[in-house]
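# Overview (structure and organization)
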Amino acid sequence: MKRLYFRPLVIEDKEQLLYIYSDKEAMKHRASKPLETLEDAENMVKQAHREWESKTKVRLAVVQQENDVLIGTAMYFFESPTVVEIGFSIGKDFWKYGYGQEGTEGLMEYIKANEPNVNTIVGIARSANDKSIKMMQNIGFTEIMDYDGEDKRRFEFIVNG
């Protein structure tokens, strides 16, 4: 990635996480509800650490290289030993700069480097989330037409395919 890097989430991120994840408009396409308190943000960090340790989910801070500002998070979890689903959220202040695509491509490279058994990367987007859908198509994801997700669309990227 040219402008971003990943690092583990830390408790000191809680203020910025609350700022990003309490914005109802920015979070309208996420599965979880917006954060409401600093305690919620701190719990998000603690949960990310528990999930990392149990290997159930990896959630990373997405940070601007030029100023070390946290702009969002990237995550993935295993659907099966060879399939991961990814997610990427950035704060509204950072929309329209190409960070979503840069970060998603960076997350895909991270997975390829750190999860050698993965052969499929999945992205799920709400049907109304035109920007995420277009971004996944631009990266080379293919829509799975027989997906039965309520108001959601499934896209897959075959690693080394």
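Provided above is the structure to which this section pertains.
The sections below set out a description of the structure shown in this document. Everything quoted here is computed from the prediction, not taken from an experiment.

What counts, and at which threshold
Residues numbered from 1 in each chain as written. Predicted model: local features only at pLDDT ≥ 70, side-chain atom pairs only at ≥ 80, totals over all residues. Heavy atoms only, no water. Helix = DSSP H or I, 4+ residues; strand = E, 2+ residues; numbered from the N terminus. Buried < 20%, exposed > 50% of the residue type's maximum accessible area, 1.4 Å probe, protein only. Contact = heavy atoms within 4.5 Å. Areas by Shrake-Rupley, 256 points an atom, 1.4 Å probe, with all protein chains shown as cover. Lys, Arg positive; Asp, Glu negative; His and termini not counted. Charge placed at Lys NZ, Arg CZ, Asp CG, Glu CD. Pairing = 2+ DSSP bridges. Patch = residues over 30% accessible without salt bridge, like charges linked within 9 Å, V, L, I, M, F, W, Y side chains within 5 Å. Salt bridge = Lys/Arg side-chain N within 4 Å of Asp/Glu carboxyl O. 1 Å grid on protein atoms, 1.4 Å probe; cavity = no way out; pocket = protein on both sides within 12 Å on 5 of 7 lines; lining within 4 Å. Points joined across faces, edges and corners; volume = space filled by probe spheres on them. Nonpolar A, V, L, I, M, F, W, Y, C, P; charged D, E, K, R; others polar. Core = buried A, V, L, I, M, F, W, Y, C linked by side-chain atoms within 4.5 Å.

Attention now moves to the overall build of the protein chain. Secondary structure assignment for the protein chain yields 4 helices and 7 strands. Listing every helix and strand of the protein chain by position from the N terminus yields β-α-α-β-β-β-α-β-α-β-β. A buried classification covers 42% of the 161 residues belonging to the protein chain. Across the protein chain, the fraction of contacts at a sequence separation of at least 24, relative to all contacts at a separation of at least 6, is 59%. When the accessible area of the protein chain is evaluated, it comes to approximately 9200 Å², of which 48% is carbon and sulfur surface. Separation of charge centres in the protein chain, based on 22 positive and 27 negative side chains, amounts to 2 Å.

Moving on to the sheet that holds strand β3 (residues 70–80). Strand pairs in the sheet, formed through backbone hydrogen bonds, run parallel or antiparallel to each other. Pairing is mixed in the open sheet, where 7 strands are placed in the order β1-β2-β3-β4-β5-β7-β6. Strands with a single pairing partner mark the edges of an open sheet, and in this sheet they are β1 (4–8) and β6 (142–143).

Glancing now at a negative patch on the surface. Taken together, the side chains of D146, D148, E150 and D151 present a region of like negative charge at the surface. Within the secondary structure, D151 is located in the loop between β6 and β7 (152–158). According to the relative accessible area criterion, D151 is partly exposed, its value standing at 48%.

The next thing to look at is the layout of surface pockets. Looking at the second largest pocket, its volume works out to about 170 Å³. Lining the second largest pocket are W52, K55, T56, K57, V58, Y76, F77, F78, Y110, N114 and E115. Contributing elements (two or more residues each) for the lining of the second largest pocket: β3 and α3 (99–114). A class-by-class count of the residues in the lining of the second largest pocket yields 6 nonpolar, 2 polar and 3 charged.

For the rest of this paragraph, the subject is the nonpolar core. Soluble, globular proteins show a tendency: their nonpolar side chains are buried together. Core analysis: the largest hydrophobic core is formed by 27 residues, its most contacted members being I86, I111, I121 and F141. For this core, the secondary structure elements donating two or more residues are β1, β2 (58–64), β3, β4 (83–90), α3, β5 (120–126), α4 (130–139) and β7. In this structure, I86 is in contact with M75, Y76, T104, L107, M108, I111, I121, V122, G123 and F141, ignoring residues within four places of it in sequence. By size, the runner-up hydrophobic cluster in this structure holds 13 residues, among which are I20, M44, V45 and L70.

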